[in-house]
Amino acid sequence: MDVKTKLIRSGKYTTCPKGIEYKTLNPPIYKGSTILLSYKDFKTSKPPFHGNYYGTLGNPAQLALEDAICELENGYMTRACPSGLNAITTTFMALCSQGDHILVCDNVYAPTMNFCNNVLSKYGVKVDALPPDTGKNITDYIKPNTRLIFLESPGSNTFEIQDIEPIIKIAKEKNIVTIIDNTWATPLFFRPLDYGIDISIMSGTKYIGGHSDILLGTITTNEAYSNVISKFYETVEIFVNSEDCYLGLRGLRTLNVRLKYQEEAALNIARWLEAQDIIETVIHPALPSHPQHELFNKYFTESSGVFGFTFKENYNEEQIEKFMNSLEFFPVGLSWGGVNSLIKSEVYTKRKYLSEKFKNKTVFRLSIGLEDVEDLKNDLLNGFKALS
Ligand SMILES: Cc1ncc(COP(=O)(O)O)c(C=O)c1O
């Protein structure tokens with residue numbers, strides 16, 4: 001064999017070299033665009049969801065992650081996407097056609113609403129916002145051409161809860177697809193498909209990955225919508241690299257212990273914040289002070305580690321900057337659900353339906369990580385001192 005051929009062929013094992021058995025607890029990371037096939041398979045392969053004839057159809061780590069999420073969400077099919085927003089936009093595009101009307105809860109992750117208003121509308125889809133506390137009044141918003149209802153409960157910034165049971169009942173009667181962004185609760189604390197939601201989406205970037213080092217999204221469907229989603233998914237060629245799927249799977253292994261700690265730490269800090277003079281409102285659905293606490297108890301078994309608060313005083317930008325910069329354990333950053341605590345602030349100006357108490361107010365959002373609770377409280381106290 002010539003050296004040129006050797007360079008190409010040597011060391012390319014598809015099983016372990018030298019017959020050594022090598023079994024790890026976790027799935028291997030495969031890199032591959034080309035999948036080797038027998039001529040017969042090459043001529044006949046037609047996979048239902050998971051193909052094996054090209055790298056884009058899902059590497060083993062992706063398929064393993066999809067199976068795991070599907071089991072947790074109690075779904076029929078899960079597909080992994082390169083980000084949470086991609087999972088959301090993929091789902092919209094797979095389901096919407098020109099002339100459709102869609103209802104999107106006003107408290108969704110802002111880029112979700114941006115996509116609907118700026119992209120879907122270009123293709124002739126009419127978008128209307130739904131009040132974030134919608135329940136059986138959903139009928140007031142439905143039109144004859146309403147195709148889907150997109151919910152986020154609790155909203156990951158202002159934490160309103162939708163009463164999903166009546167929404168699902170009415171949607172089913174009218175043959176409208178229901179979709180929910182389940183990133184905040186994860187299937188550990190809320191399983192939307194058990195209630196009859198058709199599609200549950202998560203940004204795996206948050207709690208599933210858990211360490212702020214991957215971008216990932218998942219779409220989990222019931223049987224009825226599995227075909228339309230999988231066909232679109234494969235047609236536009238969405239897939240996730242092996243490493244990120246592997247890290248997503250690894251994140252799953254510790255999800256329970258991380259979330260339990262983050263839940264308790266967040267509740268502890270939220271209750272403590274409620275007692276601080278400087279604070280006006282703590283926005284945490286698991287607290288009795290939350291306006292929809294009863295709905296929270298109806299649907300969610302437990303709460304995760306992200307919540308908000310507002311100050312009594314309307315501080316100016318300079319003061320807010322001072323507050324944020326004085327924090328050591330709450331760096332300013334987007335995203336959430338990792339092991340490091342984070343803070344961000346926002347004044348909601350684009351919402352159609354915003355609670356009076358948040359109008360012209362800076363709403364701060366904390367994502368509680370795995371640090372010590374007293375350290376986090378002391379850090380916030382230092383921040384409050386910087387404001388006074
Ligand atoms: C509730 C929610 N859904 C979806 C997303 C989008 O996820 P990703 O950052 O993975 O695109 C985010 C991101 O912050 C989010 O908060």
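Because the structure is predicted, anything quoted here is derived from the model rather than measured.

Let us look at the side chain of aspartate 106. With respect to the helices, strands and loops of the structure, aspartate 106 is situated in the loop between strand S2 (101–105) and helix H5 (110–118). Although buried, aspartate 106 forms no salt bridge, and the nearest oppositely charged side chain, arginine 351, lies 5.0 Å from it. Of the polar contacts made by the side chain of aspartate 106, one reaches the backbone nitrogen of lysine 352; its length is 2.7 Å. Non-local contacts of aspartate 106, meaning those with residues more than four positions away in its chain, are made with Met113, Ala129, Leu130, Pro132, Arg351, Lys352 and Tyr353.

Further remarks concern the pattern of salt bridges. Summed over the entire model, instances satisfying the criterion amount to 17 salt bridges. Close ionic contact of lysine 298 with aspartate 163 constitutes a salt bridge, the shortest N to O distance being 3.0 Å. Here lysine 298, found in helix H10 (residues 293–299), pairs with aspartate 163, found in the loop between strand S4 (146–152) and helix H6 (164–173); they are 135 residues apart in sequence, far enough to count as distant. Of the charged contacts, one joins arginine 191 and aspartate 194 as a salt bridge, the two residues approaching to 3.2 Å between their closest N and O atoms. Via salt bridges that share partners, Glu66, Arg79 and Glu234 belong to a single interconnected network.

A separate point is the sheet that holds strand S5 (residues 177–181). Taking strand neighbours across the sheet as the criterion, the seven strands line up as S1-S7-S6-S5-S4-S2-S3 in an open arrangement whose pairing is mixed. In this open sheet, the two edge strands, each paired with only one partner strand, are strand S1 (77–81) and strand S3 (126–130). Strand-to-strand, the axes of this sheet are offset by a mean angle of 20°, without reference to chain direction. Sheet topology note: the S1/strand S7 (residues 217–221) ladder contains five bridges and is antiparallel. If you follow arginine 79 over to S7, its bridge partner there is isoleucine 219. Against the sheet, H5 engages S2, S3 and S4, with an angle of about 160° to S2. Here H6 sits on the sheet in contact with S4 and S5, set at roughly 165° to S4.

A word on the site of the ligand. In the neighbourhood of the ligand, 14 residues make up the surrounding shell, with Gly84, Asp181, Ser203, Thr205 and Lys206 lying closest. Residue leucine 85 places a main-chain N or O atom 2.9 Å away from an oxygen atom belonging to the ligand. Separating an oxygen atom of the ligand from a side-chain N or O atom of lysine 206 is a distance of 3.0 Å. Here the ligand has 390 Å² of accessible area as a free molecule, and 92% of this is covered by the chains. Sorting elements by how many residues they give to the shell around the ligand places helix H4 (residues 84–95) first, with three residues. Per-class residue counts for the shell around the ligand are five nonpolar, six polar and three charged.

With domains assigned, the protein is organised as domain 1 (39–249) and domain 2 (255–387). Taking only C-alpha atoms into account, the centre of domain 1 sits 27 Å from that of domain 2. Each partner contributes residues to the interface: domain 1 has 37 residues there, and domain 2 has 37 residues. For domain 1, the biggest contributors to the area lost against domain 2 are Trp184, Phe189 and Tyr207; these three give 26% of the whole. In this assembly, domain 1 and domain 2 are joined by 23 residue pairs in polar contact (both at pLDDT 80 or more).

Next up on the list: unusual backbone geometry. Cis geometry marks the peptide bond from serine 153 to proline 154, where omega comes out at -10°. Mapped onto the fold, proline 154 is located in the loop between S4 and H6. Although it is not a glycine, serine 335 adopts a positive phi angle of roughly 70°. Structurally, serine 335 is set in the loop between helix H11 (317–326) and strand S10 (342–347).

The rules behind the values
Residues numbered from 1 in each chain as written. Predicted model: local features only at pLDDT ≥ 70, side-chain atom pairs only at ≥ 80, totals over all residues. Heavy atoms only, no water. Helix = DSSP H or I, 4+ residues; strand = E, 2+ residues; numbered from the N terminus. Buried < 20%, exposed > 50% of the residue type's maximum accessible area, 1.4 Å probe, protein only. Lys, Arg positive; Asp, Glu negative; His and termini not counted. Salt bridge = Lys/Arg side-chain N within 4 Å of Asp/Glu carboxyl O. Polar contact = N/O pair within 3.5 Å; in protein donor to acceptor, adjacent residues only side chain to side chain. Contact = heavy atoms within 4.5 Å. Pairing = 2+ DSSP bridges. Axes fitted to C-alpha atoms, helices over the stretch in contact; angles between N-to-C directions. Near = heavy atom within 4 Å. Areas by Shrake-Rupley, 256 points an atom, 1.4 Å probe, with all protein chains shown as cover. Nonpolar A, V, L, I, M, F, W, Y, C, P; charged D, E, K, R; others polar. Domains from an automatic or database assignment. Buried area = accessible area lost by both parts, 1.4 Å probe.

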